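Take a look at the letters that make up each chain.
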Amino acid sequence: MLAAVVTSRLATLLFLALVIAVVPVLAPSSFYLRVASLVWIFALAALGLTILMGYAGQVSLGHAGFLGIGAYAVAVGPARLGLDPLLSFFLGAALCGLVAYAVGKPILRLKGYYLAIATLGFGLIVALVLHSEAAVTGGPDGIQVARITLFGWRISGATTWYWVTAGALMIGAALALNIAASPSGRTLRALHDSEVAATGVGVDVAARKLAAFVVSAVYAGVAGGLLALMNGFITPETASFMHSIELVAMVIIGGTGSVLGAVVGSAFLTVLPQALTILQEYEQAVLGLLIMVFMIFLPAGIVSSLKRFVLDRAP
Amino acid sequence: MSEFLQLVFSGLTVGAVYALVALGFTLVYNASDVINFAQGDFVMIGGMGTVFLAAAGFSLPLATLIAILAAVVVGLLLHRLAVEPARGASPVTLIMITIGASIFIKGVAQLVFDKQFHSLPPFSGADPISIGGASFLPQSLWVIGGTLAILIALWLFLEKTLLGKALLATAANRLAALLVGINVRVVLALAFAVSAAIGAVAGILVTPITLTRYDVGTLFALKGFAAAMVGGMGHPVGAVAGGLLIGLMEAFGAGYVSSTYKDAVAFVMILVVLFAMPQGLFGRRSLERV
């Protein structure tokens, strides 16, 4: 019974929904709601990486690049091209998918360290473009993001954004869980375990990897768009190397391949810096130390380790 | 022509530093299969350490010596506390451990040093030397000469000493090395120590030209890594050639195309080389075992 609950898709979603419903009740001020919204947004990006890393077993150290593309789309679209913010948001996500397709097709032929460095290079180049093309992107100082209006209703305020981001996360989580259980999710895991064996049973390994990369990029793009719209302001820092590392750390700390893991990892790495603002000088040292400690002592991540703990003891 | 020569000089200078970083990568990678992302931070420790020790009143030679020793200690700690406990982990986990270490070192460096850019006085004056209409700083000679000296020292160490041969043996086959009585743990620690020392020396040599700050390690690591990959992962000669090549391409890119995007050159080169020659310029083609 317990084992069935722990591994069930519906239970995962219900649990997530419960957490989302409880947080606003417990939050003492709107500041906490804003932090929680950030958690949902980064969880969404981490979910995309979960599909790529956990399901397909491919790493990307440049996913903040897609976060940046999604974020700048909602900033640049309305400001420079006069596009509707909502349209820009969807165009940004689509652009992420397109870029991922174009970049992924050659890059995903690489493996292990090589793939890590190639994706890292991609992220770095995106950050560099956002930094340098100041005429379009506003350069290192960043750019203002127009407020979004839906059917005459202006989306603003911590509470509204809490529900918007939570809703986006729920949709993302449901999709990720369904992908995992679908035939394409199974082929992804097959190629994760052994590319040769997967090829042997007729899996088009290259196409599958590319599909996972594109989907994960769209997740990151959507997260980036939400981030920009919620904050109302965006800098090239969004696409930075550190951000990419944080995203990967979220996935691994939470538990690679687990949907709840992505949320837990995001909560961990989003809340922590807020808690550490008093010790601002130590933030970077603490973050580095945490990443090391988790990778060394809990490489399976929080959620996966908990799950194993429960399953081992389930009758 | 003089512009071309100028770019060659500056490319070779920077390239020599990339080559040293790539060499450090290669040593550790060969001995332990770990890509050490903190390699660039040894460059920073060398440069920043020397700057602060010199400011504290130490003579320059003594300051450099202590800075190199400090980097070696950090390298040994990194191996003992972070890499060794995670033996057998997946490449992604190992990457993340050394990236975590790199972030940690930067975080500590901010506290121990500061967040400003620092420089060292050039070792032998700042009067440019001119050749064929192009001019370069005497410090460039220090960088290139220092790189050559390190290469020769490293070659002598690996080929002529028992310890160096033990390192090569471990790189070739860890189990076999263990069977013939080599203390593999000591050898792995040695690889980290030597690569840290090489990184620190690179940092000290180049600081009078490029300045240093607590976070310069990231770009050095990335470009050194690119150099190691372009040359063919795990191949020392390839690492040096890759470093010089990336330095030159970066200088030409900055001079003839756009200086804004010079940091992208290394990555474009990785991609080009990997697709044209997946094993790098010097790497041997390997067969994949199933």
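Residues numbered from 1 in each chain as written. Chains lettered and ligands numbered in written order. Predicted model: local features only at pLDDT ≥ 70, side-chain atom pairs only at ≥ 80, totals over all residues.

## A few points about the overall build of chain B
Within chain B one finds 11 helices and 2 strands. Across chain B, helices and strands are ordered from the amino to the carboxyl terminus as α-α-α-α-β-β-α-α-α-α-α-α-α. Across its three principal axes, chain B shows a C-alpha extent of roughly 60 × 50 × 35 Å. Residues counted as buried form 51% of the 290 residues belonging to chain B. Within chain B, counting contacts between residues at least 6 apart in sequence, those at least 24 apart form 75% of the total. (Helix = DSSP H or I, 4+ residues; strand = E, 2+ residues; numbered from the N terminus. Buried ≥ 20, exposed ≤ 12 C-beta atoms within 10 Å, placed from the backbone. Contact = placed C-beta atoms within 7 Å.)

## Quick look at the overall build of chain A
In terms of regular secondary structure, chain A is built from 15 helices and 4 strands. Taken over C-alpha atoms, the radius of gyration comes to 19 Å for chain A, in line with the 20 Å a tight globule of 315 residues would show. Taken over the C-alpha atoms alone, chain A extends approximately 55 × 50 × 45 Å along its principal axes. A separation threshold of at least 6 residues defines the contact pool for chain A, and within that pool the share at least 24 residues apart is 79%. (Rg over C-alpha atoms; globule rule 2.2 N^0.38 Å.)

## Regarding the interface of chain A and chain B
The partner chain B presents 35 residues to the 33 residues of chain A that form the contact. Elements with a contribution of two residues or more to the side of chain A that touches chain B: α6 (112-132), α12 (241-254) and α14 (283-297) of chain A. Counting residues per element, the side of chain A that touches chain B draws most heavily on α6 of chain A, which supplies 12 residues.

## A closer look at the packing of helix α2 (residues 39-55) of chain B against helix α4 (residues 91-112) of chain B
Residue and element names in this part refer to chain B. Relative to each other, α2 and α4 sit at 20°, their axes nearing to 10 Å. It follows that α2 is roughly parallel to α4 by the angle criterion. Remark: the crossing between α2 and α4 carries left-handed chirality. Here α2 contributes D41, M44 and M48 to the contact with α4, which in turn contributes S102, I105, K106 and A109. For the contact of α2 with α4, a count of residues per class yields 4 nonpolar, 1 polar and 2 charged. (Axes fitted to C-alpha atoms, helices over the stretch in contact; angles between N-to-C directions. Parallel < 35°, antiparallel > 145°, perpendicular 65-115°, else oblique. Left-handed = near helix turned anticlockwise from the far one by under 90°. Nonpolar A, V, L, I, M, F, W, Y, C, P; charged D, E, K, R; others polar.)

## Describing the environment of L124 of chain A
Note on placement: L124 of chain A falls in helix α6. Looking at L124 of chain A, the number of C-beta atoms within 10 Å reads 25, which means it is buried. Residues L124 of chain A and S240 of chain A, spaced 116 residues apart in sequence, show a C-alpha to C-alpha distance of 6.9 Å. If we skip the residues at most four places from it in the chain, L124 of chain A touches F241 of chain A together with D263 and F267 of chain B.

## Concerning the nonpolar core
Soluble globular proteins tend to pack their nonpolar side chains together in the buried interior. Judged by nonpolar contacts, the single largest core of 205 residues is most densely connected at L44 and A223 of chain A together with A226 and I270 of chain B. If one sorts the elements of this core by residue count, helix α3 (residues 30-55) of chain A sits on top with 17 residues. (Core = buried A, V, L, I, M, F, W, Y, C linked by C-beta atoms within 7 Å.)

## A look at α3 of chain A
Residues and elements named next belong to chain A. The first and last C-alpha atoms of α3 sit 36 Å apart over 26 residues, in line with the 38 Å expected at 1.5 Å per residue. Among the 26 residues in α3, 21 count as buried, and that is most of the element. A positive backbone phi angle near 75° is found at G57, which sits one or two residues after α3. (Expected span 1.5 Å × (residues − 1).)

## Thoughts on the confidence of the model for chain A
Per-residue confidence for chain A gives a mean pLDDT of 85, with 97% of residues at or over 70. Model confidence for chain A, summarised as mean pLDDT per element, is weakest for helix α1 (residues 2-7) of chain A at 61 and strongest for helix α11 (residues 205-231) of chain A at 91. (pLDDT = per-residue confidence, 0-100.)

## Looking at the confidence of the model for chain B
The predicted model of chain B averages 86 in pLDDT, with 96% of residues at 70 or higher. Across the predicted assembly, pTM comes out at 0.87 and ipTM at 0.85.

## Quick look at unusual backbone geometry
All names here are of chain B. The backbone of D33 sits at a positive phi, close to 65°, despite the residue not being glycine. With 14 C-beta atoms counted inside 10 Å, the residue D33 sits in the partly exposed group. The phi dihedral of L211 falls on the positive side, at around 65°, and the residue is not glycine. Summarising the element assignment, L211 is placed in the loop between α8 (184-210) and α9 (217-231).

## Details of the packing of helix α1 (residues 2-32) of chain B against α9 of chain B
Residues and elements named next belong to chain B. Running from amino to carboxyl end, α1 crosses α9 at an angle of 70°, the nearest separation of the two axes being 8 Å. Relative to α9, α1 is oriented roughly perpendicular. In this structure, α1 uses Y18, A19, V21, A22, F25 and T26 to contact α9, whose residues at the interface are F220, A221, K223, G224, F225, A227, A228 and G231. When grouped by side-chain class, the residues that make up the contact of α1 with α9 number 10 nonpolar, 3 polar and 1 charged.

## A closer look at the environment of A176 of chain A
All names here are of chain A. The topology assignment puts A176 in helix α8 (residues 158-181). Here A176 falls in the buried class, since 26 other C-beta atoms lie within 10 Å of it. Put simply, A176 and I253 are 77 residues apart on the chain and 18 Å apart in space, counted from C-alpha to C-alpha. With sequence-adjacent residues up to four places away left out, A176 is seen in contact with L47, T50, I51 and V259.

## Thoughts on the environment of I252 of chain A
Mapped onto the elements of the fold, I252 of chain A is located in helix α12. On the neighbour-count criterion, I252 of chain A (28 C-beta atoms within 10 Å) is buried.

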